[in-house]
Amino acid sequence: MFAAQYAEFGGPHVLHVTDAAAPQPLQDQIRVRVRAAGISPADAALRSGRTPMSARLALPHIPGVDAAGTIDAIGPGVTGVAVGEDVFGSVDLARLGGASAEFAVLRSWAGKPPGLPWEQAGAAGTGVETATRALDLLGLRPGMTLLVDGAAGGVGSIAVQLAVARGARVIGTARPANHDFLRELGAEPVTYGPGLPARVTAADRALDVAGAGSLPELISLTGDPSAVLTLADFTAATHGVRLTMGELAGEPHGRHGLRTAAELFTQGRFRVPVEATFALSDIVAAHTAIESGGPRRGKLVLTL
Ligand SMILES: NC(=O)c1ccc[n+]([C@@H]2O[C@H](COP(=O)([O-])OP(=O)(O)OC[C@H]3O[C@@H](n4cnc5c(N)ncnc54)[C@H](OP(=O)(O)O)[C@@H]3O)[C@@H](O)[C@H]2O)c1
């Protein structure tokens, strides 16, 4: 099969599309012919070699953990799906990659609704899982107010919609140019940065997606460190705040959210905001874009 992969750590230029052995689905896994594969900031961090997790990779490595495609092989123990069905989801996250390729093995998936565009489906997997896990851990209930710090990005834009679907009032932070985008998703926008408590009266729960150092202000807003959860701030413990890392840290997962997201999509209540799509052959440009730190409106996606 063909795959985008890197044989050394470094900048986006270490990525090349070359031949690779097609993966085989193991117990409880399926293999898909990939139509679209999401890209996340973590993929670029792993590729750079700057994160300790990079040491877990065997090179050459195929980046990307989210994909959508058509099932072409089914592993032992899998029931309820058949070859030829369209699905979306994620690889076994312990592999930290494998999606940016002609074929990918998925560990978690849901049926792709026929109207869900491939690029949205390919980008959905870990964003939906992560947002679902976060809302579960926060105990978000109907009528609560949730503040999402970093609401316009890949995970934040999904968390906003899933929280609205759970009956919450959602306040989201973003740069001013993204405020209309947040309104479209169902959130009340505010600008991020110092002084947040003066711009938001109160929140019952707060989700820090950005990891930009706002935890003391989020605690002040909710009045309780246990009402705050972060996905990206590694100083969390010093504030008494929980940092969730999901399955990689042996925590419960939010994979049930994939089916919920598919149902909400068919009801017209959910979409995966996609900022840009790239052909697999343009993966260097895609990785350059994901680490640019520029304004985000959802996910970046590779199409095959
Ligand atoms: N722990 C986990 O299980 C888990 C899972 C998935 C991802 N993550 C982590 O979560 C983080 C976000 O991932 P992502 O895919 O959503 O990234 P992303 O698409 O790059 O989005 C990042 C968002 O952060 C916002 N932002 C930038 N500076 C900010 C500030 N000072 N205050 C508040 N928001 C700010 C940006 O908003 P504007 O565009 O409006 O400027 C952007 O929307 C990454 O660090 C990722 O590694 C963790």
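The coordinates are above.
Keep in mind that what you see is a predicted model, and the values were worked out from it rather than measured. (Residues numbered from 1 in each chain as written. Predicted model: local features only at pLDDT ≥ 70, side-chain atom pairs only at ≥ 80, totals over all residues. Heavy atoms only, no water.)

To continue, consider the overall build of the chain. Summing up its helical and strand segments, the chain has eight helices and 15 strands in all. For 304 residues, the compact-globule formula gives about 19 Å, and the C-alpha radius of gyration of the chain, at 19 Å, lands near that figure. Considering only C-alpha atoms, the chain reaches an extent of 55 × 40 × 35 Å along its principal axes. Here the chain holds 304 residues, and the buried ones make up 54% of them. (Helix = DSSP H or I, 4+ residues; strand = E, 2+ residues; numbered from the N terminus. Rg over C-alpha atoms; globule rule 2.2 N^0.38 Å. Buried < 20%, exposed > 50% of the residue type's maximum accessible area, 1.4 Å probe, protein only.)

A word on helix α6 (residues 215-222). Of the residues making up α6, those classed as buried are L215, L218, I219, L221 and T222. Mapping the buried residues of α6 onto a view down its axis gives an arc of 160°, with all of them on the same face. Buried residues belonging to α6 abut β8 (145-149), α5 (196-199), β11 (205-208) and β12 (228-230). Downstream of α6 by one or two residues, G223 has phi in the positive range, about 80°. (Arc of directions from axis to C-beta. Contact = heavy atoms within 4.5 Å.)

The next thing to look at is the site of the ligand. As a structural note, the neighbourhood of the ligand is formed by 23 residues, with G154, R175, Y192, T244 and R296 the closest of them. Within the backbone of V155, an N or O atom sits 2.9 Å from an oxygen atom of the ligand. The contact in question runs from a nitrogen atom of the ligand to an N or O atom on the backbone of L231, over 3.0 Å. For the ligand, whose accessible area on its own is 930 Å², the fraction buried by protein is 78%. Elements that contribute at least two residues to the shell around the ligand include exactly α2 (118-138) and α3 (154-165). In the shell around the ligand, the residues fall into 12 nonpolar, seven polar and four charged. Looking at which domains feed residues into the shell around the ligand, each of domain 1 (2-112 + 273-303) and domain 2 (128-248) supplies at least three. (Near = heavy atom within 4 Å. Polar contact = N/O pair within 3.5 Å; in protein donor to acceptor, adjacent residues only side chain to side chain. Areas by Shrake-Rupley, 256 points an atom, 1.4 Å probe, with all protein chains shown as cover. Nonpolar A, V, L, I, M, F, W, Y, C, P; charged D, E, K, R; others polar. Domains from an automatic or database assignment.)

This structure, assessed with the given rule, holds 10 salt bridges. Measuring nitrogen to oxygen at the nearest pair gives 2.8 Å for the salt bridge that ties R169 to E188. With R169 in strand β9 (residues 169-173) and E188 in strand β10 (residues 188-190), this residue pair connects regions lying 19 residues apart in the sequence. Since its relative accessible area comes to 37%, R169 is described here as partly exposed. Under the relative-accessibility criterion, E188 is labelled partly exposed at 34%. With its nearest N and O atoms 3.8 Å apart, the salt bridge here joins R242 to E251. (Salt bridge = Lys/Arg side-chain N within 4 Å of Asp/Glu carboxyl O.)

Let us look at the side chain of S214. Along the chain, S214 falls in the loop between β11 and α6. The buried category is assigned to S214, whose relative accessible area is 9%. The contact partners of S214, leaving out residues within four places of it in the chain, are D149 and D208.

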